[in-house]
Amino acid sequence: MGESARIKVLNITEEGRGGGGMRRIRLIARELQPYLDTIVVAPKSATQYLSDLRSDHIQYAALPLRPLTKHPFGLLQYLVYFISEVRSLIKLIRLENPDIVHVNGSWQIKGSIAAKATKKPCIWHMNDTYQPRVIEKIFRMMSKNATHMIYASEAAQKYYTDINPALTNLSSRIIQAPVMLDNFLRKDESTAQSPLRIINVGYINIHKGLKYLLEMAYLLGDQVTVHHFGPVLDSQKTYYQSLLDLQQRLGINNFTWHGYNSNLGQILHKYDLYVCSSIREASPMAVWEAMAAGLPILSTEVGDVRRIIDRYKCGLTVTAADSKALAQGVEKIRAGLRQGAYHPTLSITTAKEQFDVASIANQYFDFLTEICETTA
């Protein structure tokens, strides 16, 4: 990274509940502090996130941004306050005068409108491969506000350029989600325990395919123990209850729900295999972190996971929404572990070469520099 004039970025997230996108913003901002001035704009309601930004000495602005939601009262608030929140973002952009406005996620359109109104270059960062049809239509209309695109994976790029082919005319980059390797690197050897200890990490929602993970545990019985780490948001309580009902109905005793835990770097080392059962992902940070921890990966064919696993031979992929395929994949990996395959260095090398936060941050910085040079 060079010694040219510092670039100033206003990075806006309307999401306040946490998750991979918000972690990515924080990790990149922290990594680039010596080279880049980042102001993270986040909802006032994201108190823990704002506290984390303060701890990292990352400049931020807390605004009363309301997320788009299916909840009737929340949706009403979103619509009522929409214009005033866009005006607040316009005011902030004019005050801070950033070189670039960076917005995140297809439904987060307020920042893109504010960038357009202030005639600022706007990067729109795509972190997923699915949205409801109404969001796709809104994004198709609003994506004209973007001047540049970042996609979290080749799969995300294909999904959004299919929605709006005009996006192919914008300068863009594919930049995967980053991992702080030092927080996860494994220092011991992995072995095939009996029963095999399986871990899955993530927010509880239907896109994570947890129904199939439960059914996989049922099919494998006492050959495995399966452990899920991740919070239940208020909007997902009904779905979570349906998973508990399924677990009780099938009598699944080898599956444990642990809730949120902030110490996943150490927790991952206690397990033998990471299983991603998602039916939709772009760049699944939890999978990349499990790789950094030296775990072999069994994953559904989501995002760019298959391409990466096929290249580095650090696991297996199976079709999504298929509990039998997951169970068969576990059996194959367990057999491989007993034969000495899937050595931790395979997964660790994958994480180092593909997802190290320093490398990912450098890709981001290079793109920002290119944008500033072409718009100067």
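Residues numbered from 1 in each chain as written. Predicted model: local features only at pLDDT ≥ 70, side-chain atom pairs only at ≥ 80, totals over all residues. Heavy atoms only, no water.

Mapped onto the fold, aspartate 304 is located in the loop between β12 (297-300) and α11 (305-312). Among the polar contacts made by the side chain of aspartate 304, one reaches the main-chain amide nitrogen of glutamate 154 at a distance of 2.8 Å. Non-local contacts of aspartate 304, meaning those with residues more than four positions away in its chain, are made with Ser153, Glu154, Ala155, Gln176 and Ala282. (Helix = DSSP H or I, 4+ residues; strand = E, 2+ residues; numbered from the N terminus. Polar contact = N/O pair within 3.5 Å; in protein donor to acceptor, adjacent residues only side chain to side chain. Contact = heavy atoms within 4.5 Å.)

Before going further, it helps to examine the pairing of β12. Consecutive side chains of a regular strand alternate in pointing toward one face of the sheet and then the other. Here β12 shows no split at all, with Ile297 and Ser299 on one side and Leu298 and Thr300 on the other all buried. Of the strand pairs in this sheet, strand β11 (residues 273-276) and β12 are connected by three bridges, and their pairing is parallel. Within β12, the residue paired with valine 275 across the bridge is leucine 298. Following the backbone out of β11, through helix α10 (residues 285-292) and into the adjacent parallel β12, one traces a crossover that is right-handed. Sheet topology places β12 next to strand β13 (residues 315-318); four bridges connect them, and they run parallel. The partner of serine 299 across the bridge, within β13, is threonine 317. The parallel pair β12 and β13, bridged by α11, forms a crossover whose chirality is right-handed. (Buried < 20%, exposed > 50% of the residue type's maximum accessible area, 1.4 Å probe, protein only. Pairing = 2+ DSSP bridges. Right-handed = clockwise from strand over helix to strand, strands pointing away.)

We now examine the sheet that holds β13. Backbone hydrogen bonds hold the strands of a sheet together, and the pairing may be parallel or antiparallel. In space, the six strands of this open sheet follow the order β10-β9-β8-β11-β12-β13, with parallel pairing throughout. The sheet is open, and its two borders are formed by β10 (255-257) and β13, each paired with just one other strand. Strand after strand, the sheet turns through a mean of 20 degrees between neighbouring axes, direction not considered. Strand direction decides the pairing type here: strand β8 (residues 196-201) and strand β9 (residues 224-229), joined by six bridges, are parallel. Note that in β9 the partner of arginine 197 across the bridge is threonine 225. On top of the sheet, α11 reaches β12 and β13; it is set at about 145 degrees to β13, its chief contact. (Axes fitted to C-alpha atoms, helices over the stretch in contact; angles between N-to-C directions.)

Bringing the packing of aromatic side chains into the picture now. Within this structure, the stated rule accounts for nine aromatic pairs. Taken together, a centroid distance of 5.6 Å and an interplanar angle of 65 degrees make the contact between tyrosine 78 and phenylalanine 82 edge-to-face. Of the two residues, tyrosine 78 and phenylalanine 82 both sit in helix α3 (residues 72-96), four residues apart, roughly one turn of that helix. You'll find tyrosine 78 and phenylalanine 82 in the same group, each marked buried. (Phe/Tyr/Trp six-rings, centres within 6.5 Å; stacked < 30°, edge-to-face > 60°.)

On to α11, then. All of the buried residues along α11 are Val305, Ile308, Ile309 and Tyr312. Buried residues of α11 fall within an arc of 95 degrees about the axis and therefore sit on the same side. On its buried side, α11 packs onto α10, β12, β13 and α13 (344-354). In the stretch just after α11, lysine 313 is the one whose phi turns positive, near 55 degrees. (Arc of directions from axis to C-beta.)

A few words now on a nonpolar patch on the surface. Residues Phe73, Leu76, Val80 and Tyr81 make up a contiguous nonpolar surface patch of about 410 Å² in total accessible area. Position of phenylalanine 73 relative to the elements: it lies in helix α3. Under the relative-accessibility criterion, phenylalanine 73 is labelled exposed at 52%. (Patch = residues over 30% accessible without salt bridge, like charges linked within 9 Å, V, L, I, M, F, W, Y side chains within 5 Å. Areas by Shrake-Rupley, 256 points an atom, 1.4 Å probe, with all protein chains shown as cover. Salt bridge = Lys/Arg side-chain N within 4 Å of Asp/Glu carboxyl O.)

Time to look at the environment of glutamine 266. Locating glutamine 266 in the fold gives a position in helix α9 (residues 264-267). Sequence separation between glutamine 266 and leucine 185 is 81 residues, and the spatial gap between their C-alpha atoms is 9.1 Å.

Now for the sheet that holds strand β5 (residues 122-126). Strands sit in the order β3-β2-β1-β4-β5-β6-β7 across an open sheet of seven strands; the sheet is parallel. Only two strands of the sheet have a single partner each, and these edge strands are β3 (59-63) and β7 (171-174). Across this sheet, the average inter-strand angle for adjacent strands is 20 degrees, counted without regard to direction. Bridging between β5 and strand β6 (residues 148-151) involves four bridges; their strand directions are parallel. Across the sheet, the residue bridging to histidine 125 is isoleucine 150, located in β6. Running over the sheet, α3 touches β1 (7-12), β2 (36-43), β3 and β4 (100-104) and is turned about 155 degrees from β3.

Purely geometric stuff here, so don't read any function into it on its own.
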